[in-house]
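Spelled out, the chains give:
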Amino acid sequence: RKNLITCCITPVSVTRIAGRYLAHQEGLPKLPVPPLQQTCERYLTALTPIVDPEELNHTRQLLEEFQKPGGVGDRLQKGLEQRAKKMENWLSDWWLQTAYLDYRMPVVIHSSPGVILPRTEFSDRQGQMRYAAKLIAGVLDFKSMIDNETLPVEYLGGKSLCMNQYYQVLSSCRIPGTKRDNVVNYALDKRPPTHITVVHNFQFFVLDVYNSDGTPLTVDQIYIQLEKIWNSSLQSNKEPIGILTSNHRNSWGKAYNNLIKDKTNKESVRAIQKSIFTVCLDAPMPRASDDMYRTRAGVQMLHGGGSRWNSGNRWFDKTLQFIIGEDGTCGLIYEHAPAEGPPIVSLIDHVVEYMKSSEMVRTPMVPLRMPQKLRFNITPEIKKDIEEAKQNMNIMVHDLDMKVSVFSHFGKDFPKSQKMSPDAFIQVALQLAIYKRCCPTYESASLRMFRLGRTDTIRSTSIDSAKFVKAMDDPARHNTEKVALLDKAVKAHRAYTDMAIRGQAIDRHLLGLKLQAIEDLAALPEIFMDTSYAVARHFNLSTSQVPAKTDCVMCFGPVVPDGYGVCYNPMDAHINFAVSAFNSCQDTNATRLAQALEDALLDMKTLLEQTPKAKL
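Residues numbered from 1 in each chain as written. Predicted model: local features only at pLDDT ≥ 70, side-chain atom pairs only at ≥ 80, totals over all residues. Heavy atoms only, no water.

## Some words on the UniProt feature "binding site: (R)-carnitine" (unreviewed entry) in the chain
In plain terms, the rule: UniProt positions are given in the numbering used here, feature names are shortened, and annotations may be inferred rather than shown by experiment. Under the DSSP-based scheme used, a helix requires at least four consecutive residues in state H or I and a strand at least two consecutive residues in state E, with every element numbered from the N terminus.
What UniProt calls "binding site: (R)-carnitine" (unreviewed entry) maps, in this numbering, to Tyr442, Ser444 and Thr455. Positionally, tyrosine 442 belongs in strand β14 (residues 441–446). Within the fold, serine 444 resides in strand β14.

## Description of the packing of aromatic side chains
Threshold: For Phe, Tyr and Trp, where Trp contributes only its six-membered ring, two rings pair if their centres lie within 6.5 Å, and the inter-plane angle classes them as stacked under 30 degrees, edge-to-face over 60, or tilted in between. Only protein chains enter the accessibility calculation, which uses a 1.4 Å probe; a residue whose area is less than 20% of its type maximum is buried, one above 50% is exposed, and one in between is partly exposed.
By the definition in use, this model includes 15 aromatic pairs. On the numbers, 6.1 Å between centres and 70° between planes, the contact of phenylalanine 410 with phenylalanine 425 is edge-to-face. Pair noted here: phenylalanine 410 is in the loop between β13 (400–407) and α13 (413–417) and phenylalanine 425 is in helix α14 (residues 422–433), with a separation of 15 residues, a long-range link. On the basis of relative accessibility, which here comes to 0%, the residue phenylalanine 425 falls in the buried class. Both rings, one in phenylalanine 528 and one in tyrosine 533, keep their centres 5.2 Å apart while their planes meet at 75°; by these two values the pair is edge-to-face. Judged by its relative accessible area of 5%, tyrosine 533 is buried. Taken together through their ring pairs, the aromatic side chains of Phe204, Trp252, Tyr256 and Trp315 make up a single cluster.

## Side note on the sheet that holds strand β17 (residues 553–555)
Short version of the rule: When DSSP finds at least two bridges between two strands, those strands are taken to pair. Any two residues having at least one pair of non-hydrogen atoms within 4.5 Å are treated as being in contact. For helices, the fitted axis covers only the stretch in contact; all axes are lines through C-alpha atoms, and the angles between them, taken along N-to-C directions, range from 0 to 180 degrees.
Strand order across the open sheet formed by eight strands is β12-β8-β7-β9-β10-β11-β2-β17, with mixed pairing between neighbours. In this open sheet, the two edge strands, each paired with only one partner strand, are β12 (372–373) and β17. Sheet topology places strand β2 (residues 114–116) next to strand β11 (residues 330–334); three bridges connect them, and they run antiparallel. Looking across to β11, one finds that glycine 114 is bridged to isoleucine 333. This element, helix α6 (residues 125–147), spans β7 (195–200), β9 (278–282), β10 (320–325) and β11 of the sheet and lies at about 160° to β10. Contacting β7 and β8 (203–208), helix α9 (residues 263–274) crosses the sheet at an angle of about 110° to β7.

## Structural notes on the packing of helix α8 (residues 249–259) against helix α12 (residues 380–399)
The geometry of a pair of packed helices is captured by two quantities: the angle between their axes and the separation between those axes. Basically, it comes down to this: Our angle categories are set so that under 35 degrees counts as roughly parallel, over 145 as roughly antiparallel, 65 to 115 as roughly perpendicular, and the remainder as oblique. Put simply, a crossing is left-handed when the front helix is turned counterclockwise from the back one by less than a right angle, and right-handed when it is turned clockwise.
It is the contact of α8 with α12, at a shortest axis distance of 10 Å, that shows an interaxial angle of 155°. Considering the angle they form, α8 stands roughly antiparallel to α12. Remark: the crossing between α8 and α12 carries left-handed chirality. Taking contact as the criterion, the partners of Ser251, Ala255, Asn258 and Leu259 in α8 are, on α12, Glu381, Ile382, Asp385 and Glu388.

## Comments concerning the pairing of β11
For a regular strand, side-chain orientation follows a simple rule: the groups alternate between the two sheet faces. Counted residue by residue, β11 has five buried out of five residues, so it is predominantly covered. Residues of β11 alternate between two faces, with Cys330, Leu332 and Tyr334 on one and Gly331 and Ile333 on the opposite face, all of them buried. The pairing of β10 with β11 spans five bridges and is classified as antiparallel. Bridged to isoleucine 324 within β11 is cysteine 330.

## Digging into unusual backbone geometry
A positive phi angle, close to 55°, is found at glutamate 149, a residue other than glycine. Secondary-structure assignment places glutamate 149 in the loop between α6 and β3 (153–156). Judged by its relative accessible area of 24%, glutamate 149 is partly exposed. The backbone of lysine 419 shows a phi angle near 60°, a positive value even though the residue is not glycine. According to the relative accessible area criterion, lysine 419 is exposed, its value standing at 77%.

## Regarding the environment of phenylalanine 410
The buried category is assigned to phenylalanine 410, whose relative accessible area is 3%. Remark: the alpha-carbon pair of phenylalanine 410 and leucine 602, spanning 192 residues in sequence, is separated by 9.0 Å. If we skip the residues at most four places from it in the chain, phenylalanine 410 touches Pro415, Phe425, Ala573, His574, Ile575, Leu601 and Lys605.

## What to know about a positive patch on the surface
To keep it simple, the criterion reads: Only residues whose relative accessible area exceeds 30% and that take part in no salt bridge are eligible for patches, with like-charged residues grouped when within 9 Å of each other and nonpolar side chains (Val, Leu, Ile, Met, Phe, Trp, Tyr) grouped when within 5 Å. Under the convention used here, a 1.4 Å probe and the Shrake-Rupley method define accessible areas, while residue burial counts only the protein chains that appear. Salt-bridge detection follows one rule: a side-chain nitrogen of Lys or Arg within 4 Å of a carboxyl oxygen of Asp or Glu. His is not counted here, nor are the chain ends, while Lys and Arg score as positive and Asp and Glu score as negative. Every charge is mapped to an atom, namely NZ of Lys, CZ of Arg, CG of Asp or CD of Glu.
Together, Arg191, Lys266, Arg270 and Lys274 make up a positively charged patch on the protein surface. Relative to the elements of secondary structure, lysine 274 occurs in helix α9. Taking the relative accessible area as the measure of exposure, lysine 274 reaches 31% and is therefore partly exposed.

## A short note on the environment of methionine 554
Summarising the element assignment, methionine 554 is placed in strand β17. On a C-alpha basis, the gap between methionine 554 and valine 115 in space is 4.2 Å, while along the polypeptide they are 439 residues apart.

## Quick notes on the pattern of salt bridges
A full pass over the atoms with the stated rule returns 31 salt bridges. Notably, a salt bridge pairs lysine 356 with glutamate 353, separated by 2.9 Å at the nearest N-O pair. On the criterion of helical spacing, the pair formed by lysine 356 and glutamate 353 is a turn pair, its members being three residues apart in helix α11 (residues 341–357). Looking at glutamate 353, the relative accessible area reads 48%, which means it is partly exposed. Salt bridges here are not isolated pairs; linked through shared partners, they connect Arg104, Arg174, Asp181, Arg249, Asp317 and Glu335.

## Some words on the state of the cysteines
Our working definition: Cysteine sulfur atoms that pair up within 2.5 Å are treated as a disulfide.
This model, assessed by the stated rule, comprises zero disulfides. The closest cysteine sulfur to the non-disulfide-bonded cysteine 555 is located on cysteine 567, 7.6 Å from its own sulfur. Its sulfur unpaired, cysteine 585 is 12 Å from the next cysteine sulfur, which belongs to cysteine 439. Under the relative-accessibility criterion, cysteine 585 is labelled buried at 11%.

## Considerations on the pairing of β3
Both β3 and strand β4 (residues 159–160) contribute to a ladder of two bridges, which runs antiparallel. Bridge assignment links tyrosine 155 to a residue of β4, and that residue is serine 160.

## A short note on the confidence of the model for the chain
Detailed conclusions should not be drawn from predicted coordinates in areas where pLDDT is low. Stated formally: pLDDT is a per-residue confidence score from the predictor, ranging from 0 to 100.
Model confidence for the chain is summarised by a mean pLDDT of 91, while 94% of its residues fall at 70 or above. Confidence over residues 1–18 falls short of pLDDT 50; this stretch has 95 contacts with residues more than four positions distant or in other chains.

Next up, the structure:
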């Protein structure tokens, strides 16, 4: 994948203070363009542990040539600086295009993250409906803060953060194209949408969630409407039209143009795209043992289990889809183009709290309109597209190797007791877990200190992490030495994190220089054709910390065929992990990495506890 995208928040705690959106946004600084020489030096440092010395030497020479005064790098840097002066954010449009909209692999597994919510026990179908009704009311409650601009502004290290992404996740949808997609946000319409879509047994319904006076429906009213939907979609043999959205983007783009030639289909598709969000009422999945439950829930959120199960009970282009299984498996999946993880997690935390306090109150019986079933005319050609999408989905389902686990020995509490950053501690443990190969590792850093900021890359594989990992494997090294190296590795990660969130990391700057070259020059500079550049961007380990108050965990697929995806939510006394890999790669195994990670965390704790403090 060209540019790695994950869901991510920066590993620092965020506080919230109420404030008005637009006035706040205008006060935010613009994303800087880092100095060219600084990026070239930091790039060489980042390459040191992951490429061989000969290759590194070759890259060093290319970089010396590239950054000569008046040379190619200098020209591109000036072009970037000009772009930064003219635009609100020199990177955000480019990033949206290259990382998401130009990316042609299916959004399922390859791009869209899932979130597993705490397990719920529904004793009956009514339990599923009650849960869904409360959840919908909770999302509408969050939406009212967005609509009234009373959403509390978030702060990171005393600096306010860009809140733009919160305004992109509701009433938005990705639209496929045959070469490139786009994203439409209907919240900006003169008459913003007032309906959600509900899908059950592959059948889509429009559910109006506001009364004519603009007040949202109560939990009780939503429940009554969901019952009507359920009772009018009992047939389970309908064509799963939604599975089309899981296909390769070019194939789906072609099928989409064919699908919407029909007026009825076009209107139905538009109703889904315009909806505030989608609720998927899923059929139960095959039962899993308790220790496998979370893993099975993770794959249900990511892909639905295949065409036999719930993969057709989705519209994967929709930004937000809440999944509520008849068997109590709940969570969501979101389309990644408009936003990263933090706004999604804030919404989840709000909804989970809301659901605890909200009780179903009997409402005066105002007759409510029957939710509208969306009709699709399925031609033989559309039927063929559905069959192809089903086959491709089932291949993806069989290829995904997943392990979701709870590390129960400690959480944020232990690293904090050692005066270490919990995120840096976990990242160093990951390097130890995968120690057989020093590989390019990506962790997302938020650029939300800047207007319209998205992410940059924290490169977790460092010279210091490599030294620590090597020492851990060497019986001749004393514990005090190992502890000193661990401390240094953790501090190096923390320093890279701080550099990244201040807009001084290297990956987006290098991308900007490359895209500037594509616009300005006849040929791409050699540093972008260099083997080191290809190696550096082949992230065998794609990771993200997504902290939440809720005991949930986010999950996503690897970004390269021979890689891992690792997402984690560190709670006070435990850590939720989701590890993914591909079965088609002989060298990767999600369960094995999850176990190695557990061992690494325990080894690091033992090391710190067994080494007398006085000798540090």
